[in-house]
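Chain by chain, the residues:
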Amino acid sequence: MDKYVNLIKLSVGSESVDSLIAWQDSRRPLYEDGCPRHVTRMWPKREDEILNGGSIYWVIKGVIQCRQRILRLDEVRGEDGIRRCAIVLDPELYRTQTALKRPFQGWRYLKPEDTPADLPQGREQDDALPDDLNRALAEIGVL
């Protein structure tokens with residue numbers, strides 16, 4: 001299989017890519033492998049396609065801003081005994097070109113052709129634009 005699919009998810013509570021990184025870093029000691037996770041109630045039906053090279057694209061403040069490669073899907077059970085899916089992520093985040101995204105619940109599939117491109121090497125460390133400017137430029141298609 002050479003086909004893959006990505007996921008897209010709102011990063012609720014994140015103010016910036018840096019705050020998402022900080023939150024994930026704070027939780028890494030909880031896991032033996034040190035990889036960040038996002039736990040969700042729904043198990044993706046397209047698991048094979050996701051694990052064939054997919055990433056999770058993070059929407060922060062209404063704008064897609066970064067992605068992480070998905071390493072695997074682990075089954076976890078909460079104290080309530082309900083089966084959940086832990087999306088295990090590569091610790092490295094890749095900043096992407098920005099793209100506006102309206103709010104939605106849960107995660108969604110995202111086709112490779114609909115994903116924003118990664119920022120060119122060397123631009124990852126550029127100072128982030130203010131949120132208002134970033135959103136305005138994305139609205140007119142500059143970013």
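Reading the values: rules and limits
- Residues numbered from 1 in each chain as written.
- Predicted model: local features only at pLDDT ≥ 70, side-chain atom pairs only at ≥ 80, totals over all residues.
- Heavy atoms only, no water.
- Helix = DSSP H or I, 4+ residues; strand = E, 2+ residues; numbered from the N terminus.
- Buried < 20%, exposed > 50% of the residue type's maximum accessible area, 1.4 Å probe, protein only.
- Contact = heavy atoms within 4.5 Å.
- pLDDT = per-residue confidence, 0-100.
- Pairing = 2+ DSSP bridges.
- Axes fitted to C-alpha atoms, helices over the stretch in contact; angles between N-to-C directions.
- Phe/Tyr/Trp six-rings, centres within 6.5 Å; stacked < 30°, edge-to-face > 60°.
- Lys NZ or Arg CZ within 6 Å of the ring centre and 35° of its normal.

The subject of this paragraph is the overall build of the protein. Each helix and strand counted, the protein has 3 helices and 6 strands in total. Seen in sequence order, the protein has helices and strands lined up from the N terminus as β-α-β-α-β-β-β-β-α. Within the protein, the proportion of its 143 residues that are buried is 38%. For the protein, contacts bridging at least 24 residues in sequence account for 71% of all contacts bridging at least 6.

On to the confidence of the model for the protein, then. Of the residues in the protein, 85% reach a pLDDT of 70 or more, and the chain-wide mean stands at 89. For the protein, per-element mean pLDDT is lowest for helix α3 (residues 131–139), which scores 66, and highest for strand β3 (residues 55–60), which scores 98.

Before going further, it helps to examine the sheet that holds β3. The 6 strands are arranged β2-β5-β4-β3-β1-β6 in an open sheet whose pairing can be described as mixed. Of all strands in the sheet, those bounded by a partner on one side alone are β2 (37–40) and β6 (107–110). For this sheet the average axis-to-axis angle between neighbouring strands, irrespective of direction, equals 35 degrees. Where helix α1 (residues 17–27) meets the sheet, its contacts fall on β3, β4 (63–77) and β5 (83–100), and the angle it forms with β5 comes to roughly 155 degrees.

Counted according to the given criterion, the structure contains 1 aromatic pair. Measuring from centroid to centroid gives 5.2 Å for W107 and Y109, while their planes differ by 75 degrees, and the two rings are edge-to-face. You can call W107 buried: its relative accessible area is 12%. Over the aromatic face of Y31 sits the side chain of R37, whose NZ or CZ is 4.2 Å from the ring centroid. One Lys or Arg, R46, reaches over the ring of Y109 and ends 4.9 Å from the middle of that ring.

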